[in-house]
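# A look at the structure
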Amino acid sequence: KNEVEQSPQNLTAQEGEFITINCSYSVGISALHWLQQHPGGGIVSLFMLSSGKKKHGRLIATINIQEKHSSLHITASHPRDSAVYICAVGAGSARQLTFGSGTQLTVLP
Amino acid sequence: GAGVSQSPSNKVTEKGKDVELRCDPISGHTALYWYRQSLGQGLEFLIYFQGNSAPDKSGLPSDRFSAERTGGSVSTLTIQRTQQEDSAVYLCASSWTGKMGYGYTFGSGTRLTVV
């Protein structure tokens, strides 16, 4: 069983919709990352969080440490948000990340 | 540089040949990581360098894979006698540690195709 589970695996939305991607993990963590991967493979780090909530533009990330769960929200989605969104956790003192399998988001105009 | 630089961005090689992938981390980042993403798969950890400590090689899939980090900066991932299953995107990341915790910066990856 993967230590990091994401849902849904695939998500198609209409432009303007509010989007939520979920991440659950089974290990104690030091931090959780949300990453964005565009076609071609390059990865951009969106958020790193260990508690509470962070917001950057139309993106919001929340984490509940007790429930071992995080969500990534996109408000007023746009076709340029289409990408794979990956949840990754850093566990304890280990600095290497364990990754979820990713959520393929497609936003249609 | 401003980010983590990887080269080449794309590499096509014949089965059985050796390849070297390069990662130039952000200056001052003490930790460097290599990850691999095979087609249709998630990212998997390969190897981790932290300062002058012995690297954590626990993710290397076989003894055909090796990596070094010279002078605490540039890293080279070497794959010997490449196989088709080595085809993947190889991602490098470097990290910083400070009072606010730590952070990651990823490179854009090297897409390796073994034919």
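Residues numbered from 1 in each chain as written. Chains lettered and ligands numbered in written order. Predicted model: local features only at pLDDT ≥ 70, side-chain atom pairs only at ≥ 80, totals over all residues. Heavy atoms only, no water.

## Quick look at the pairing of strand β7 (residues 59–64) of chain A
All names here are of chain A. By the bridge criterion, five bridges tie strand β6 (residues 52–56) to β7 in an arrangement that is antiparallel. The residue bridging H56 from the neighbouring strand is L59, located in β7. For β7 and strand β8 (residues 69–74), the ladder comprises six bridges, and the chain directions are antiparallel. The residue bridging T62 from the neighbouring strand is S71, located in β8. (Pairing = 2+ DSSP bridges. Helix = DSSP H or I, 4+ residues; strand = E, 2+ residues; numbered from the N terminus.)

## Section: the nonpolar core
With 23 residues, the main nonpolar core has L32(A), W34(A), F47(A), L72(A) and Y85(A) as its most contacted residues. Listed by contribution, the elements that provide at least two residues to this core are β3 (19–25), β4 (31–37), β5 (43–49), β7, β8, β9 (83–90) and β11 (103–108) of chain A. The contact partners of Y85(A), leaving out residues within four places of it in the chain, are Q6(A), I21(A), L35(A), Q36(A), L46(A), L72(A), I74(A), G102(A), T103(A) and L105(A). Core analysis: the second largest hydrophobic core is formed by 20 residues, W34(B), F65(B), C92(B) and V114(B) among them. (Core = buried A, V, L, I, M, F, W, Y, C linked by side-chain atoms within 4.5 Å. Buried < 20%, exposed > 50% of the residue type's maximum accessible area, 1.4 Å probe, protein only. Contact = heavy atoms within 4.5 Å.)

## Focus on the interface of chain A and chain B
Interfaces are frequently sized by the accessible area removed from exposure as the parts join. Taken together, the contact between chain A and chain B spans 17 residues of the former and 16 residues of the latter. Together, R95(A), Q96(A) and F99(A) form the three largest contributors to the area buried by chain A at its contact with chain B, with a combined 42%. Taken together, chain A and chain B are joined by zero salt bridges. The set of elements that each furnish at least two residues to the side of chain A that touches chain B consists of β4, β5, β9 and β10 (97–99) of chain A. When residues of the side of chain A that touches chain B are assigned to their parent elements, the largest contribution, four residues, is made by β4(A). When its residues are assigned to classes, the side of chain A that touches chain B shows seven nonpolar, nine polar and one charged. (Buried area = accessible area lost by both parts, 1.4 Å probe. Salt bridge = Lys/Arg side-chain N within 4 Å of Asp/Glu carboxyl O. Nonpolar A, V, L, I, M, F, W, Y, C, P; charged D, E, K, R; others polar.)

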